[in-house]
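Secondary and tertiary structure notes
Here's the letter readout for the chains.
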Amino acid sequence: LAAIGGWYWYESHQAQALAAYAEAMTRVQESQTPQAKADARAIAIRGLETTLAAYPSSAAATQAALELGNLKYGARDFAGARAGFEIALAKNPSPTVRTLARAGVGHAWEAERNLPNASAAFRSALEGVGPQDFLYEELMLDYARVLETSGDKNGAIAAYQRLLKELPSARRAD
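Residues numbered from 1 in each chain as written. Predicted model: local features only at pLDDT ≥ 70, side-chain atom pairs only at ≥ 80, totals over all residues. Heavy atoms only, no water.

1. Section: the pattern of salt bridges
Counted only if it meets this: When a carboxyl oxygen of Asp or Glu lies within 4 Å of a side-chain nitrogen of Lys or Arg, that pair is called a salt bridge. Helical segments are the DSSP runs of H or I of at least four residues, strand segments are the runs of E of at least two, and each set is numbered from the N terminus.
Overall, the coordinates contain ten salt bridges when judged by the stated rule. The salt bridge involving Arg-172 is made with Glu-138; its shortest N-O contact spans 2.7 Å. Placement of the pair is Arg-172 in the segment after helix H8 (153–166) and Glu-138 in helix H7 (residues 136–149), with a sequence separation of 34 residues. Look at the salt bridges and you will find they share partners, linking Glu-49, Lys-72 and Asp-77 into a network.

Take a look at the structure:
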């Protein structure tokens, strides 16, 4: 009976968490429509933060943290965006979400003009990603751009050449 009661409580808690995340993600979607009110993004951010605090171990928490990072990046809260992406990374995400979160961290550092940290984040995002992966081209271009902007012209050239060698049919090969 105790095991059944524990299972029932767990399933009930997970259902509540999924409902809360679904409501928060609905606010996120609404905040991104053209007819969204001016404070819709702030409301969506608060909803995600509240839901993450209430249900941190839910299966939906990783995706919600990634969305929180994206919303805060859009609001130009780059430190908050990094924090959201770091939460997603801490939850042992899938390889795709891990790559997206690492790239988000890199973009947030780059937006703050902290190019050494941006370079390290993009290099980290490239770990385990190859030419067959859909994010590879974008990540290599981001990495090379940050190297170039930071003054490491040789590193940038090497990164661009690596991209062209590994992915000669890249969309932006020219």
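2. Considerations on the environment of Ala-121
Heads up, the condition is: Relative accessibility thresholds used throughout: buried, under 20% of the residue-type maximum; exposed, over 50%; partly exposed, between the two (1.4 Å probe, protein chains only). The contact criterion used throughout is that any non-hydrogen atoms of two residues lie within 4.5 Å.
Positionally, Ala-121 belongs in helix H6 (residues 115–126). Judged by its relative accessible area of 9%, Ala-121 is buried. Along the backbone, Ala-121 and Tyr-143 are 22 residues apart, and their C-alpha atoms lie at a distance of 8.7 Å. Once residues lying within four places of it in the same chain are set aside, the contact partners of Ala-121 are Arg-102, Val-105, Gly-106 and Trp-109.

3. Quick look at H7
Spelled out, the test is: How far a helix is expected to stretch is found by multiplying one less than its residue total by 1.5 Å.
Helix length check: H7 (14 residues) gives 20 Å between terminal C-alpha atoms against 20 Å at 1.5 Å per residue, within 8%. Each element contacted by the buried residues of H7 is listed here: helix H5 (95–111), H6 and H8. Two residues or fewer past H7, Gly-151 is found with a positive phi of approximately 100°.

4. Quick notes on the packing of helix H3 (residues 61–74) against helix H4 (residues 78–90)
Let me state the cut-off plainly: In this analysis an axis means a line fitted to C-alpha atoms, helices contributing only their contacting stretch, and an angle means the value between N-to-C directions, from 0 to 180 degrees. The labels follow the angle: roughly parallel below 35 degrees, roughly antiparallel above 145, roughly perpendicular from 65 to 115, and oblique for the rest. Less than a right angle of anticlockwise turn of the near helix away from the far helix marks a crossing as left-handed, whereas a clockwise turn marks it as right-handed. Each residue is assigned to one class: nonpolar for Ala, Val, Leu, Ile, Met, Phe, Trp, Tyr, Cys and Pro, charged for Asp, Glu, Lys and Arg, and polar for all the others, Gly among them.
Running from N to C, H3 and H4 cross one another at 165°; their axes reach a closest spacing of 7 Å. The pairing of H3 with H4 is recorded here as roughly antiparallel in orientation. For H3 against H4, the interelement crossing comes out left-handed. Residues Thr-62, Ala-65, Leu-66, Gly-69, Asn-70, Lys-72 and Tyr-73 of H3 form the contact with H4, whose own contacting residues are Phe-78, Gly-80, Ala-81, Gly-84, Phe-85, Ile-87 and Ala-88. Grouping the amino acids of the contact of H3 with H4 by side-chain chemistry returns eight nonpolar, five polar and one charged.

5. Regarding H5
Helix length check: H5, at 17 residues, gives a terminal C-alpha distance of 24 Å against a target of 24 Å (1.5 Å per residue), a fit within 8%. Every buried residue of H5 is accounted for by Val-97, Thr-99, Ala-101, Arg-102, Ala-103, Gly-104, Val-105, Gly-106, Ala-108 and Glu-110. The inward-facing, buried residues of H5 abut H3, H4, H6 and H7. Note on H5: the residue one or two positions beyond its end, Arg-113, has a positive phi of about 65°.

6. Brief notes about the nonpolar core
Worth spelling out the cut-off: Remark: nonpolar core denotes a set of buried residues (Ala, Val, Leu, Ile, Met, Phe, Trp, Tyr, Cys) joined through side-chain atoms within 4.5 Å.
Core analysis: the largest hydrophobic core is formed by 24 residues, its most contacted members being Tyr-21, Leu-48, Leu-52, Leu-66, Leu-71 and Phe-85. Elements with a contribution of two residues or more to this core: helix H1 (2–31), helix H2 (40–54), H3, H4 and H5. The element contributing the most residues to this core is H3, with six residues. Excluding anything up to four places from it in sequence, Leu-48 contacts Ala-24, Met-25, Val-28, Ala-64, Glu-67, Leu-68 and Leu-71. Counting 21 residues, the second largest nonpolar core, distinct from the first, contains Phe-122, Ala-125, Tyr-143 and Ala-159.

7. Overview of the confidence of the model for the protein chain
Counted only if it meets this: Scored from 0 to 100, pLDDT records how confident the predictor is in each individual residue.
For the protein chain, the mean per-residue pLDDT works out to 90, and 93% of the residues sit at or above 70. Confidence, read as mean pLDDT per element, is least for H1 in the protein chain (76) and greatest for H6 (97).

8. A look at the layout of surface pockets
Rolling a probe over the atoms, with the probe sized like a water molecule, indicates the empty space that remains. The following threshold applies: Computed over the protein atoms alone on a 1 Å grid, cavities are sets of points where a 1.4 Å probe fits but cannot get out and pockets are open sets with protein on both sides within 12 Å along at least five of seven lines; a residue lines them when it has an atom within 4 Å of a point. Grid points are joined across faces, edges and corners, and a volume is the space filled by probe spheres set on the points.
Computed from the structure, the largest pocket encloses a volume of approximately 190 Å³. If you go around the largest pocket, you meet 13 residues; those closest to its centre are Asn-70, Leu-100, Ala-103, Gly-104 and His-107. Looking at the lining of the largest pocket, the elements with two or more residues in it are H3, H5 and H7. Counting residues per element, the lining of the largest pocket draws most heavily on H5, which supplies five residues. Residues belonging to the lining of the largest pocket are distributed by class as follows: seven nonpolar, four polar and two charged. Quantified by volume, the second largest pocket comes out at close to 150 Å³. Lining the second largest pocket we find Pro-95, Thr-96, Arg-98, Thr-99, Arg-102, Glu-127, Gly-128, Val-129, Asp-133, Phe-134 and Leu-135.

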